[in-house]
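As a plain string of letters, each chain reads:
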Amino acid sequence: MKKDFLKYQAQTSPYPLGMEVSHAEGSYIYDTNNKKYLDFVAGVSAVAVGHKNERVNNAIKDQLDQYSHVMVYGEYAQHPAVAYCKLLVQNLPENLNKVYLVNSGTEATEGALKLARRITGRSQLISCHNAYHGNTMGSMSVMGFEERKQIFRPLIPDVDFITFNNEEDLQKITTKTAGIILESIQGGAGFIQPQNDFLRKVRERCNATGTIMIIDEIQPGFGRTGKLFGFENYNAIPDVIIIGKGMGGGMPVGAFVADEKHMDLLADNPKLGHITTFGGHPVIAAACLATLQEILEKELMPKAIAKEKLFRTLLVHPLIQEIRGKGLMLAAMTSSAEITNKVIFKCQDKGLILFWLLFEGCAIRITPPLTISEDEIKEGCAVILEAMDEILNEIH
């Protein structure tokens with residue numbers, strides 16, 4: 001299978017890991033040799049409630065028995081999508097009250113950027129250095145990592161960049177700025193949290209200039225930081241949020257959420273201001289509803305904070321310089337990309353799945369399912385420490 005995988009399926013890097021997957025359940029993935037791997041990555045933060053979650057799987061099967069795709073987004077009232085949007089809005093601030101369901105996080109970014117320009121009638125967009133908001137042409141335009149996008153230029157014009165947590169840079173937000181987009185916790189940059197009320201200060205500057213504040217919650221969202229969305233930790237309510245990844249229990253989905261008076265602008269002048277064939281797909285929406293119910297009813301959000309404390313207690317080692325992030329969005333930082341690579345590969349050999357971050361080579365991604373148990377955390381951390389001891393002995 002790996003040979004055919006490399007021959008027939010387009011790759012994203014020269015050296016994919018290439019594990020041949022057989023099945024997955026709970027916090028574990030099994031390969032075709034029935035080797036068991038403890039999953040500390042969760043499909044890069046996407047499998048929020050664990051693999052083969054019974055509630056999510058049953059919701060998908062039940063919906064398949066009723067109907068699947070029947071019409072493009074926005075024309076028919078379909079119960080899974082309506083019920084999901086209602087429950088989501090009931091758990092958001094008052095101004096975030098209308099949901100546009102799409103197919104992925106990057107499409108949600110595209111919709112949010114269009115919405116900011118539609119609301120304000122302005123063109124300028126501002127993002128952050130080392131930001132990642134997706135990989136289509138619009139979202140790549142607000143990616144703050146030139147090495148990854150230079151070859152695809154020209155991109156969307158009139159985009160400027162600031163440094164995350166740099167208050168002086170906020171003066172770049174002016175009455176010419178349609179929107180500023182930033183992550184509540186910078187993901188690809190190394191799980192960097194806002195400092196000194198940075199998000200609140202962005203909010204104040206946006207208020208002063210009439211700029212739309214867009215918060216990307218694709219990675220931090222859906223309970224991973226101990227709150228439903230990351231911005232709730234930082235005393236700032238945005239005008240638009242972008243969501244995806246953990247939203248669908250492992251199914252492909254995204255959305256952007258804003259106030260009704262703003263979102264309705266996409267329906268007229270021009271009509272079809274944003275349109276998508278498969279957004280709000282009933283099977284996917286059923287998975288989203290079940291996932292959100294599971295997160296809320298099983299109290300997975302406060303448990304994420306307790307599990308963070310356990311990780312921080314256990315992961316003490318000379319090769320770990322610090323642990324960044326919040327809740328179950330953590331990055332163990334080593335002194336070099338070489339050490340990080342060795343840890344990740346050694347741990348995979350030992351049956352533990354870790355991964356990288358996009359732009360920070362020294363980071364070891366630790367983003368397990370929110371449902372991971374304390375015993376599984378202890379099991380995985382013991383593997384990490386064992387691998388690091390071996391690497392330390394090799395260095396010495």
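Keep in mind that this is a model prediction, so the values were computed, not measured.

Calculation rules
Residues numbered from 1 in each chain as written. Predicted model: local features only at pLDDT ≥ 70, side-chain atom pairs only at ≥ 80, totals over all residues. Heavy atoms only, no water. Helix = DSSP H or I, 4+ residues; strand = E, 2+ residues; numbered from the N terminus. Buried < 20%, exposed > 50% of the residue type's maximum accessible area, 1.4 Å probe, protein only. Contact = heavy atoms within 4.5 Å. Lys, Arg positive; Asp, Glu negative; His and termini not counted. Charge placed at Lys NZ, Arg CZ, Asp CG, Glu CD. 1 Å grid on protein atoms, 1.4 Å probe; cavity = no way out; pocket = protein on both sides within 12 Å on 5 of 7 lines; lining within 4 Å. Points joined across faces, edges and corners; volume = space filled by probe spheres on them. Salt bridge = Lys/Arg side-chain N within 4 Å of Asp/Glu carboxyl O. Axes fitted to C-alpha atoms, helices over the stretch in contact; angles between N-to-C directions. Parallel < 35°, antiparallel > 145°, perpendicular 65-115°, else oblique. Left-handed = near helix turned anticlockwise from the far one by under 90°. Nonpolar A, V, L, I, M, F, W, Y, C, P; charged D, E, K, R; others polar. Pairing = 2+ DSSP bridges.

A. Highlighting the overall build of the protein chain. Looking only at helices and strands, the protein chain has 13 helices and 14 strands in total. Projected onto its principal axes, the C-alpha positions of the protein chain cover 65 × 55 × 45 Å. When burial is assessed residue by residue, the protein chain has 53% of its 396 residues classed as buried. Put simply, 71% of the contacts in the protein chain that link residues at least 6 apart link residues at least 24 apart. Each charge class in the protein chain can be summarised by its mean position, and for the 40 positive and 46 negative side chains these summaries are 2 Å apart.

B. Region of the structure containing unusual backbone geometry. Residue Arg153 is joined to Pro154 through a cis peptide bond whose omega torsion reads 10°. In this structure, Pro270 follows Asn269 across a cis peptide bond, with omega equal to 5°. Here Pro270 is to be found in the loop between helix H9 (260-263) and helix H10 (282-297). Non-glycine residue Asn196 carries a positive phi angle of around 55°. The topology assignment puts Asn196 in the loop between strand S7 (177-183) and helix H8 (198-209). Its relative accessible area of 60% is what places Asn196 among the exposed residues. Phi angles above zero are rare outside glycine, and Asn269 is one such case at about 55°. Checked against the element boundaries, Asn269 lands in the loop between H9 and H10.

C. Spatial organisation of the layout of surface pockets. Space inside the second largest pocket adds up to approximately 730 Å³. Tyr73, Gly74, Glu75, Val99 and Tyr100 are the residues nearest the centre of the second largest pocket, which is lined by 33 residues in total. Elements with a contribution of two residues or more to the lining of the second largest pocket: helix H4 (79-90) and strand S4 (98-102).

D. Representation of the pattern of salt bridges within the structure. This structure, assessed with the given rule, holds 19 salt bridges. Taking the shortest distance from any N to any O, the salt bridge between Arg55 and Glu297 comes out at 3.1 Å. Residue Arg55 is found in helix H3 (residues 54-66), and its partner Glu297 is found in helix H10; the two are separated by 242 residues along the sequence. Relative accessible area serves as the criterion here: at 27%, Arg55 is assigned to the partly exposed category. Arg203 is paired through a salt bridge with Asp239; the nearest N and O atoms lie 3.1 Å apart. Highlighted residues: Arg203 in helix H8 and Asp239 in the loop between strand S8 (212-216) and strand S9 (240-243), separated in sequence by 36 residues.

E. Inspection of the packing of helix H11 (residues 300-314) against helix H13 (residues 374-395) at higher detail. It is at 10 Å that the axes of H11 and H13 come closest, and there the two elements cross at 25°. Classified by the interaxial angle, the pair formed by H11 and H13 is roughly parallel. As for how H11 packs across H13, the hand of that crossing is right-handed. In this structure, H11 contributes Lys307, Leu310, Phe311 and Leu314 to the contact, and H13 contributes Glu374, Ile377, Lys378, Cys381 and Leu385. Among the residues forming the contact of H11 with H13, the class breakdown is six nonpolar, no polar and three charged.

F. Representation of the pairing of strand S2 (residues 28-31). What you see with S2 is no split at all: Tyr28 and Tyr30 on one side and Ile29 and Asp31 on the other are buried throughout. By the bridge criterion, three bridges tie S2 to strand S3 (residues 36-39) in an arrangement that is antiparallel. Counterpart to Ile29 in the pairing with S3 is Tyr37. Where S2 hands over to S3, the hairpin turn is made up of four residues, of which Asn34 adopts a positive phi near 65°.

G. Representation of the environment of Leu330 in the model. Mapping Leu330 onto the fold places it in strand S12 (residues 329-333). What makes Leu330 buried here is its relative accessible area of 1%. Note: C-alpha distance between Leu330 and Phe311 (19 residues apart in sequence) is 8.9 Å. Excluding residues within four positions of it along the chain, Leu330 makes contact with Phe191, Glu308, Phe311, Arg312, Ile323, Arg324, Gly325, Ile364, Arg365, Ile366 and Thr367.

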